[in-house]
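Report on the structure
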Amino acid sequence: MPSNPEENNIVLVGFMGTGKTTIGKLLAKSMNFSFIDTDEEIEKEVGMSIAQIFKNKGEGYFRELESDFIKKLRLSKCIIATGGGMPCHNDNMTKLKVLGTVLFINTPYDSIIERLKLNQDSRPLLKSSLGNEKDELFSLFLKRQQIYKSSDKEVVGDNNPSFIVKKIREILKKSLEK
Ligand code: S3P
């Protein structure tokens, strides 16, 4: 973690549907930082949607794109919203920590499910898991929680993005006082 989190990048990690993009945009605005969403950047780079990448090239290819993308990043004072699986593959968590303070948005599973039902199209993993055993998604959630938990900081997610942004600012401020 950088010595001055307010002066460096903030990397938001967490499961699908935790609101990383919405929260990231608000946080960037409130801190006067820039903002990027890794899924959006990868889509632009390859000229395909996430759903198309999964369908045409497979998940392994998408994970390679994600890892390559991190290696190329040269940013400062930026809020980086990551795809839900990014920190969970290819030692990406370690690489993300080099970029800045990694902050885990820890949202309860039931709230995630409610939110995800509304937006399945851009999430191929969700589509396949919801179509099969419900437990499959829960297993993925539990497995990933362990990795997310190794983040530098953690905030409990809820349905109010502005409130979470406020909490994140407090967490960052506190870590400066230590
Ligand atoms: C994924 C999450 C998605 C996207 C892709 C894979 C995952 O991003 O990167 O569908 O493995 O959890 P969001 O977390 O923004 O939904």
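Given the structure is predicted, the values throughout are model-derived calculations rather than measurements. (Residues numbered from 1 in each chain as written. Predicted model: local features only at pLDDT ≥ 70, side-chain atom pairs only at ≥ 80, totals over all residues. Heavy atoms only, no water.)

1. Brief notes about helix α4 (residues 59-72)
Filter applied, for reference: Working definition: helices are DSSP H or I runs of at least four residues, strands are E runs of at least two. Numbering for both runs from the N terminus. A helix is expected to span 1.5 Å multiplied by its residue count minus one. When a residue's accessible area, from a 1.4 Å probe over protein chains only, is under 20% of the maximum for its type it is buried; when over 50% it is exposed; and in between it is partly exposed.
Between its terminal C-alpha atoms α4 stretches 20 Å, which fits the 20 Å expected from 14 residues at 1.5 Å a residue. Of the residues making up α4, those classed as buried are F62, R63, L65, E66, S67, F69 and I70.

2. Things to note about the site of the ligand
Heads up, the rule is: A molecule or strand has a residue near it when one of that residue's heavy atoms lies within 4 Å. Here the open area of atoms and residues is found with the Shrake-Rupley method and a 1.4 Å probe, where only the protein chains shown may cover a residue. Here the nonpolar group is Ala, Val, Leu, Ile, Met, Phe, Trp, Tyr, Cys and Pro; Asp, Glu, Lys and Arg are the charged ones; every other residue, Gly included, is treated as polar.
Contacts to the ligand come from 14 residues, most closely from K20, D39, R63, R123 and R144. Alone, the ligand offers 390 Å² of accessible surface; in the complex the protein occludes 96% of this. Considering only residue class, the shell around the ligand consists of five nonpolar, four polar and five charged.

3. Quick look at the sheet that holds strand β5 (residues 153-156)
We count it as follows: Strand pairing requires that DSSP identify at least two bridges connecting the strands. Each axis is a line fitted through C-alpha atoms, and for a helix only the stretch in contact is used; angles between axes span 0 to 180 degrees, taken between their N-to-C directions. Any pair of residues with heavy atoms lying within 4.5 Å of one another is described as a contacting pair.
In space, the five strands of this open sheet follow the order β2-β3-β1-β4-β5, with parallel pairing throughout. In the strand order of this sheet, the two ends are held by β2 (34-37) and β5, each with one partner. Direction aside, the axes of adjacent strands within the sheet are offset by 20° on average. Sheet analysis places strand β4 (residues 100-106) next to β5, joined by four bridges and oriented parallel. When the sheet's bridge partners are listed, F104 is paired in β5 with E154. Sheet contacts for helix α1 (residues 20-31): β1 (9-13), β2, β3 (78-81) and β4; angle to β1, the most-contacted strand, approximately 160°. Helix-sheet contacts for helix α2 (residues 38-46) involve β2 and β3, and the interaxial angle to β2 is about 65°.

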